[in-house]
Amino acid sequence: MRAAGIKEFGGVVTALDLSPPRHLAADEVLIDVVCAGVGNWDDFVRAGSWDVGRQPPMALGVEATGIITGVGDEAAGLEVGHRVLLHTSPFRDQGAWADKLIAPAGTVAHKPPGVAWDVAAAFPVPALTAGQVLDALAVRDGEVVLVHGAGGVTGGLIVQLAGSRGVTVLATAGSASAERVRSVGAVAVFDYRDPAWPHQARQRAGGEGAAAAVNAARLKVLAGLLGDGVLSLNVSRTYPLEEASRALHQVVSGGAAGAIVVNLKTAPAEGTDAGSSQ
């Protein structure tokens, strides 16, 4: 099975030839991966600082989208041919940078019709993070929240999700990202390089400051918001699986203006018969 990952913790990302997937447990599904997300968290796994429950050699990748090709006896609500997206950690078998992925049914959500495959692949981890952050802060309708670092993928989703809950969002971002952050719902964006931004944000919040500040889970609910257009995500570049090392380097170096994705197969067109696409 074609994959990209590591042969040892701390090693370079390289091509791997892995054994075919094992027999499914009752609560598992087998997914023919179309695209997989790439994030800083993948470098944590590579370095061994995030335990995903498996030792190398292993494929990296903790979020993906694809088509179900096998279903365990207790994977309720999921069938062969369903198009899905997921966040999978700890690994049941291998990571998502592989042709096939085994995942618990409970980590899988249906891919909304019309959402691009690369967007669906890069959505789960930052969306779940955004949801958990806002739930932990318990911000309410009518309050003001400051999102620091809103120009990133997760920060942008926090802005959108907070806005959908009736929260007034102030944000900081670089000048190159300011207009994009405004377009997804921030009422004011301050340049984090300007030492006066805290004073400006306090004044914009009425002089009393924000109810909460965020430094930039429920996947089925969040995927529904993505499908409804309440949430959106920008993919800046897609790499072939063979260039997964370059994809991870771009993420870690911080040069990407949006999400980074690795592509494993030609994406099936919307509205065609669901099945494995090789």
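The structure presented is a predicted model; accordingly, all values stated were derived computationally and were not measured.

Participant: Mind showing me how you'd approach the overall build of the protein here?
Facilitator: In terms of helices and strands, the protein carries 8 helices and 14 strands. For the protein, the C-alpha radius of gyration of 19 Å lies close to 19 Å, the compact-globule estimate for 278 residues. In terms of its C-alpha atoms, the protein occupies a principal-axis envelope of roughly 60 × 40 × 30 Å. Within the protein, the proportion of its 278 residues that are buried is 51%. Counting only carbon and sulfur atoms, one obtains 50% of the accessible surface of the protein, whose full area is about 12,200 Å². Computed over 21 positive and 27 negative side-chain charges, the separation of the two mean positions in the protein equals 4 Å.

Participant: Just to check I follow, could you spell out the nonpolar core for this structure?
Facilitator: Soluble globular proteins tend to bury their nonpolar side chains together. Counting 42 residues, the largest nonpolar core has Phe 123, Val 181 and Leu 233 as its most contacted members. With residues up to four places along the chain from it excluded, the contact list for Phe 123 reads Glu 63, Leu 85, Leu 157, Leu 219, Leu 222, Ala 223, Leu 226, Leu 231 and Leu 233. Ranked by size, the runner-up nonpolar core spans 37 residues in total, among them Val 33, Ala 36, Ala 64 and Leu 248.

Participant: Before we go on, may I ask you to explain the pattern of salt bridges in this structure?
Facilitator: For side chains of opposite charge, pairing can occur when their charged atoms come near one another. Following the criterion strictly, the structure yields 15 salt bridges and no others. Between Arg 2 and Asp 99 there is a salt bridge, and its shortest N-O distance comes to 3.2 Å. Here Arg 2, found in strand S1 (residues 2-6), pairs with Asp 99, found in the loop between strand S6 (83-87) and strand S7 (100-104); they are 97 residues apart in sequence, far enough to count as distant. The class for Arg 2 is partly exposed, based on a relative accessible area of 31%. Here Asp 99 falls in the buried class, since its relative accessible area comes to 14%. Asp 99 serves as the salt-bridge partner of Lys 265, at 3.6 Å between the closest nitrogen and oxygen. The pair formed by Lys 265 and Asp 99 is uniform in burial state, with each residue classed as buried.

Participant: I'm lost on helix H7 (residues 219-227) in this one. Help?
Facilitator: In an α-helix there are 3.6 residues to a turn, and that puts residues three or four apart on one side. Listing the buried residues of H7 in full gives Leu 219, Leu 222, Ala 223 and Leu 226. Taken down its axis, H7 places every buried residue within 100° of arc, on the same side. Opposite the buried face of H7, by more than 90 degrees, sit the exposed residues Lys 220 and Val 221. The secondary structure elements touched by the buried residues of H7 are S6, strand S8 (108-110), helix H2 (117-122), helix H3 (124-137) and helix H4 (153-164). Directly after H7, the chain includes Gly 229, whose backbone phi takes a positive value near 85°.

Participant: What exactly am I supposed to notice about the packing of H3 against H4 here?
Facilitator: Two measures define how a pair of helices packs: the angle their axes make with one another and the distance between the axes. Orientation of H3 relative to H4, taken along the N-to-C sense of each, is 50°, at an axis distance of 8 Å. Here H3 is positioned oblique relative to H4, judged by the angle of their axes. Judged by the sense of rotation from one axis to the other, the crossing of H3 with H4 is right-handed. Here Pro 126, Ala 127, Thr 129, Ala 130, Gly 131, Val 133 and Leu 134 of H3 come into contact with H4, specifically with Val 153, Thr 154, Leu 157, Ile 158, Leu 161 and Ala 162. A breakdown of the residues in the contact of H3 with H4 according to their chemical character gives 10 nonpolar, 3 polar and no charged.

Participant: Even after reading the chapter, I still don't get the sheet that holds strand S4 (residues 58-59), so can you show me in this structure?
Facilitator: Hydrogen bonds along the backbone pair up the strands of a sheet, which may run parallel or antiparallel. The strand order across the open sheet built from 3 strands is S2-S1-S4, with neighbouring strands paired in antiparallel fashion. The open sheet is flanked by strand S2 (14-17) and S4, the only strands paired with a single partner. Two elements, S1 and S4, share 2 bridges in a ladder whose sense is antiparallel. If you follow Gly 5 over to S4, its bridge partner there is Ala 59.

Participant: Help me out: how do you make sense of the confidence of the model for the protein in this one?
Facilitator: Scored by pLDDT, the protein has a mean of 88; 93% of the residues are at 70 or more. Contacts from residues 272-278, a stretch scored under 50 in pLDDT, to residues over four places away or in other chains number 15 contacts.

Definitions and limits used
Here the residue numbers are simple positions, counted from 1 along each chain's written sequence. A pLDDT threshold of at least 70 governs which residues receive local features in this predicted model, and a stricter bar of 80 or more applies before side-chain atom pairs are shown or counted, although totals over entire chains, interfaces and linings include all residues. The side-chain figures draw on all heavy atoms in the structure; neither hydrogens nor water molecules are used. Strands here are runs of E lasting at least two residues and helices are runs of H or I lasting at least four, both read from the DSSP assignment and numbered beginning at the N terminus. Atoms counted for the radius of gyration: C-alpha only. Globule rule: 2.2 Å times the number of residues to the power 0.38. Per-residue accessibility, obtained with a 1.4 Å probe over protein chains only, is compared with the maximum for each type, and a residue is labelled buried under 20%, exposed over 50%, and partly exposed between these values. Reported accessibility uses the Shrake-Rupley method at a 1.4 Å probe radius. Residues are deemed covered only where the shown protein chains occlude them. By the counting rule applied here, Lys and Arg register as positive and Asp and Glu as negative, while His and the ends of each chain are not counted. Charge placement uses NZ in Lys and CZ in Arg. For Asp and Glu, CG and CD serve respectively. By nonpolar core we mean a set of buried residues, namely Ala, Val, Leu, Ile, Met, Phe, Trp, Tyr and Cys, connected to one another through side-chain atoms within 4.5 Å. We call two residues in contact whenever any of their non-hydrogen atoms come within 4.5 Å of each other. Salt-bridge detection follows one rule: a side-chain nitrogen of Lys or Arg within 4 Å of a carboxyl oxygen of Asp or Glu. Directions drawn from the helix axis to the C-beta atoms are what define this arc. Here an axis means a line fitted to C-alpha atoms, over the contact stretch when the element is a helix, while the angle between two N-to-C directions is reported on a 0 to 180 degree scale. Reported orientations rely on four angle classes, namely roughly parallel under 35 degrees, roughly antiparallel over 145, roughly perpendicular from 65 to 115, and oblique for the rest. For any pair of crossing helices, the crossing counts as left-handed if the nearer helix is rotated counterclockwise from the farther one by less than a right angle, and right-handed if it is rotated clockwise. Gly falls in the polar group here, along with every residue not listed as nonpolar (Ala, Val, Leu, Ile, Met, Phe, Trp, Tyr, Cys, Pro) or charged (Asp, Glu, Lys, Arg). The rule for pairing is simple: two strands pair if DSSP sees at least two bridges between them. You can read pLDDT as the predictor saying how much it trusts each residue, on a scale of 0 to 100.

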